[in-house]
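# Breakdown of the fold
For reference, the chains in residue letters:
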Amino acid sequence: MSAASMQMTEDQFLCSICLDVFTDPVAIPCGHNFCKACITQHWNVNVPYQCPNCKEVFYTRPELKVNTFISEMAAQFRQSAQQKASSSSSEQQAAKPGEVPCDVCTGTKLKALKSCQVCLESYCETHLEPHLTRAGLKRHQLIDPVENLEGRMCTKHDKLLELFCKTDQMCVCMLCTVLDHKNHDVVPLKEEYEGKKAELGKTDDEIQQMIQKRRLKIQEIKHSVELSEEDADREIAGGVQVFTALKESVERSQAELIDTIKEKQRKTEKQAEGLIKELEQEICELKKRSTEVEQLSRSEDHLHLLQSFSTLKAAPPTKNWTGVRVSPPSYEGTVVRAVTQLEETLSNQMTKLLELKRVQQSAVDVTLDPETAHPDLILSDDGKQVKHGDVKNNLPDNPERFNTCLIVLAKQSFSSGRFYYEVQVKGKTGWELGVVRESINRKGNITLSPQKGFWTIKLRNQNKYSALAGPPVRLSLKSRPQKVGVFVDYEEGLVSFHDVDAAALIYSFTGCCFTEKLYPFFNPCFNDGGKNSAPLIISPVNHTE
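Just so it is clear, the structure is predicted and the values come from calculations on it, not from any experiment. (Residues numbered from 1 in each chain as written. Predicted model: local features only at pLDDT ≥ 70, side-chain atom pairs only at ≥ 80, totals over all residues. Heavy atoms only, no water.)

A cluster of nonpolar side chains, namely Leu175, Val178 and Leu179, defines an oily patch on the protein surface of about 260 Å² accessible area. Mapped onto the secondary structure, Leu179 falls in the loop between helix 6 (174-178) and strand 11 (186-188). (Patch = residues over 30% accessible without salt bridge, like charges linked within 9 Å, V, L, I, M, F, W, Y side chains within 5 Å. Areas by Shrake-Rupley, 256 points an atom, 1.4 Å probe, with all protein chains shown as cover. Salt bridge = Lys/Arg side-chain N within 4 Å of Asp/Glu carboxyl O. Helix = DSSP H or I, 4+ residues; strand = E, 2+ residues; numbered from the N terminus.)

See the structure below:
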């Protein structure tokens, strides 16, 4: 019996009136079964007596007898269902704070899976099952679990809020539409829900766009801060460089002032030492005469005294020291002259620095042109470095390429205005830099001079600098440049070279007449067995507005 019952479905044990498992099932003459209380209440209201299922009419009220077989089967099914519900309940989780609990559970409230808008109750997995299986309950509207289902009822008419009044922008029940909201624009909640959901989607898209714009703005601001930080670092480095130079100038001027004062004091001391020495010698001579006079005065030999007296009297007289003085040296104006000289030095230093800043405003991006490079030269992939290699490259001898001198030109050309670029020459014992006109000779031996279209300077033997002005001009530099800046003013006819770190002018070609395109010029010279293997590097220009 138990095995047979387990193969039956729940629908076979449901009363068609209460839609629940039979309680005291009874059979009526037509063969259909109902709960005894359900059919009794049904016939108390409905006369003549009719079967709720097949509609057969009985003119006399049938006698109700309990169907023991159905009763036993229903009891077993109910027990099985309860055991199943108990097992399922143990596996389900109790509702946590913030979660909607099941309204049917007794004792531990399990987490609700759905809420019914008709029953106004929330159900866990077990108690939700009738709404998923019973025909009458399947028509109920289930939603995700929510609390306060009573709030979904119209407080005025105690009916479900299932409509939306677009005129008054509020949720209403069916009675509201014929009473308080008559002739208003009323639509089902679902229709308004879909519309509002679409609006929310659009609003969310707009919000996401606003968020994205603000994230981009944050990135922009952060990038600005990074640029500002880089500018600040460069300015600090430049400021430290300037003030270090000024400090060195002040310290040098102070040392020179102290040396000047000390030198005057040394001369005074030397003069005084000479006079003191001379006075001490005279004192020694006078003491000697005093001794002789004293000895002679004690003599009782008349002849000896008279003969010695004339000799003693003939001794040379001592020097008259009355007008001799050692005057302290005058320091008046020494400090003023030192400060004035310092001011001139600082002014010159600032002038050079401002001049470098001015020409740096004309900075341009320069890259090397491999089509012009001598086959022995090695260029970096980014076109910013060049050095002499030990192996000759097999390259076509195109018209633009230099085939004898280790020269390479830039890709960029300039035929007006001003331009400036910087080249790192650190670690090199020889190099040549400058600008050339487009029509220069690129084959065979080349003479570097302005007459031939070359405006260049060079380093040889580690410390011999020259401007190739034809004839060359020997340059005397206070320090070895580590980075050389090249500035050209096309209209002014000026080509100047600057020691970037020292903010000092190296040399200027003035009064030049430019009529063609000008190209930046580079010659790293032979590597000299590794002594001159460092590359020429085109460096980014660090300047501030």
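What follows continues from the structure just given.
The subject of this paragraph is the sheet that holds strand 8 (residues 142-143). Strand pairing in a sheet relies on backbone hydrogen bonds. The paired strands run either parallel or antiparallel. Strand order in the open sheet formed by three strands is 7-6-8, and the pairing between neighbours is antiparallel. Because the sheet does not close on itself, it has two edges, and the strands there are strand 7 (121-123) and strand 8. Across three bridges, strand 6 (residues 114-116) lies against strand 7 in antiparallel orientation. The residue bridging Cys116 from the neighbouring strand is Glu121, located in strand 7. Contacts between helix 4 (residues 125-133) and the sheet are confined to strand 6, strand 7 and strand 8, with strand 7 contributing the most and set at about 110 degrees to the helix. (Pairing = 2+ DSSP bridges. Contact = heavy atoms within 4.5 Å. Axes fitted to C-alpha atoms, helices over the stretch in contact; angles between N-to-C directions.)

Turning to the confidence of the model for the protein chain, a few remarks are in order. Within the protein chain, residue pLDDT values average 85, and 93% of them lie at 70 or more. Across the protein chain, element-level confidence peaks in strand 23 (residues 518-523) with a mean pLDDT of 98 and bottoms out in helix 1 (residues 2-7) with 44. Note on residues 1-6: pLDDT is under 50 here. Beyond four places in sequence and across chains, it has eight contacts. (pLDDT = per-residue confidence, 0-100.)

Its identity is not glycine, yet Asn183 carries a phi of approximately 65 degrees, on the positive side. Residue Gln462 is not a glycine yet carries a positive backbone phi of 75 degrees. With respect to the helices, strands and loops of the structure, Gln462 is situated in the loop between strand 17 (454-460) and strand 18 (464-467).

Within strand 20 (residues 483-489), seven of the seven residues are buried, which leaves the element mostly enclosed by the surrounding structure. Side chains Lys483, Gly485, Phe487 and Asp489 of strand 20 all project onto a buried face; the interleaved residues Val484, Val486 and Val488 project onto the opposite face, where all are buried too. In terms of strand pairing, strand 15 (residues 418-424) meets strand 20 through seven bridges, oriented antiparallel. Each bridged residue has a counterpart across the sheet, and for Glu422 the counterpart in strand 20 is Gly485. Between strand 20 and strand 21 (residues 494-499), which pair antiparallel and follow one another directly, the connecting turn spans four residues, one of which, Gly493, has a positive phi of 70 degrees. (Buried < 20%, exposed > 50% of the residue type's maximum accessible area, 1.4 Å probe, protein only.)

Turning our attention to the sheet that holds strand 1 (residues 25-27). Pairing within the open sheet is antiparallel, and its three strands lie in the order 2-1-5. Two strands in the sheet have a free side with no partner beyond their single neighbour: strand 2 (33-35) and strand 5 (65-66). Both strand 1 and strand 5 contribute to a ladder of two bridges, which runs antiparallel. Residue pairing for strand 5: Val26 is matched across the bridge by Val66. Across the face of the sheet, helix 2 (residues 36-45) comes into contact with strand 1 and strand 2 while running at roughly 90 degrees to strand 2.

On to the side chain of Thr177, then. With respect to the secondary-structure elements, Thr177 resides in helix 6. Look at Thr177 and you get buried, because its relative accessible area is 19%. Leave out the neighbours within four places in its chain, and Thr177 touches Leu163, Val172, Lys182 and Val186.

A few words on the nonpolar core. Formed by 38 residues in total, the largest nonpolar core has its most connected members in Trp431, Phe509 and Phe522. If near-sequence neighbours (up to four positions away) are discounted, Phe509 is found in contact with Pro450, Trp455, Thr456, Ala467, Leu468, Ala469, Gly493, Leu494, Val495 and Phe497. Ranked by size, the runner-up nonpolar core spans 19 residues in total, among them Phe13, Ile28, Trp43 and Phe58. (Core = buried A, V, L, I, M, F, W, Y, C linked by side-chain atoms within 4.5 Å.)

Within the structure shown, the criterion is met by zero disulfides. Free cysteine: Cys119, not disulfide-bonded; nearest cysteine sulfur from Cys116 at 3.6 Å. No disulfide involves Cys512; its sulfur sits 8.9 Å from the nearest other cysteine sulfur, which is in Cys513. Of the residues examined, Cys512 reaches a relative accessible area of 16% and is grouped as buried. (Disulfide = S-S within 2.5 Å.)

On to the pattern of salt bridges. A side chain of one charge can pair with a side chain of the opposite charge if their charged atoms are brought near each other. Summed over all chains, the structure comprises eleven salt bridges. Across the salt bridge formed by Glu294 and Arg298, the nearest N and O atoms sit 2.9 Å from each other. Glu432 is the partner of Arg460 in a salt bridge, and the nearest nitrogen-oxygen pair spans 2.5 Å. Of this pair, Arg460 sits in strand 17 while Glu432 sits in strand 16 (residues 431-437), placing them 28 residues apart in sequence. Its relative accessible area of 6% is what places Glu432 among the buried residues.

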